[in-house]
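Working through the structure, step by step
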Amino acid sequence: VMLHISPFHALRPPPALAGELACPPYDTVDRDLVRHGVAGRDWSFLRVTRPDCELPPEASRSASALRGRDNLSLFVSKGYLEPDTQPSFYIVRQDEPGRSQTGLVCSVSCRDVLAGNVIGHEATLPEKVEDRKSLIVLQGACTEPLMMFAKTGPEFSHLLAEHSKAPPLYDI
């Protein structure tokens, strides 16, 4: 099965702010840790991915998503994020002791998801899925990567290796 992928217009931080905006994945930190992580840091990207940290515990999912949307707009207006001038593909590489992962950052067609060509993580809790869907719809943006794995041929691996030789946009 071939996925339908395309380049996209990213919102990216200026290189000097990239390390400051970087944050842990939304589902790896609890609310108290998020509140602590954003304290005194207006530019923490957790304000976009975990906007519930700025609201009372009883706030609705939609109120949280709307706050995330407003924060995303604020990040753009303050220059914490800048829109790409043209759609692009990106290569991401994660290095850890003993292993390295390289992947392609792109848009994937919803048709592929609906057709079952993209399989979600088996341990994702339904509440987390609904949270993310709500945030994506109301923000009009996917603010965190949705990791997918695919079997690829040598051509794709070669292409990734060739393009990975260029200096990185960010090294954090």
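The rules behind the values
Residues numbered from 1 in each chain as written. Predicted model: local features only at pLDDT ≥ 70, side-chain atom pairs only at ≥ 80, totals over all residues. Heavy atoms only, no water. Salt bridge = Lys/Arg side-chain N within 4 Å of Asp/Glu carboxyl O. Helix = DSSP H or I, 4+ residues; strand = E, 2+ residues; numbered from the N terminus. Expected span 1.5 Å × (residues − 1). Buried < 20%, exposed > 50% of the residue type's maximum accessible area, 1.4 Å probe, protein only. Arc of directions from axis to C-beta. Contact = heavy atoms within 4.5 Å.

On to the pattern of salt bridges. All chains considered together, the criterion is met by ten salt bridges. Here Asp 52 and Arg 50 are joined by a salt bridge, their closest N and O atoms 3.0 Å apart. Three or more residues joined by partner-sharing salt bridges are found here, namely Arg 31, Arg 50 and Asp 52.

Between its first and last C-alpha, helix H6 (residues 126–139) extends 20 Å over 14 residues, near the 20 Å set by a 1.5 Å rise per residue. Within the sequence span of H6, burial applies to Arg 132, Ser 134, Leu 135 and Gln 139. The buried residues of H6 occupy an angular sector of 160° when projected down its axis, which confines them to one face. In H6, the exposed positions angled more than 90 degrees off the buried face are occupied by Pro 126 and Val 137. Elements that come into contact with the buried residues of H6 comprise helix H3 (46–49) and helix H4 (61–77). Phi turns positive one or two residues past the end of H6, at Gly 140, with a value near 70°.

Distances and angles like these do not, on their own, reveal function.
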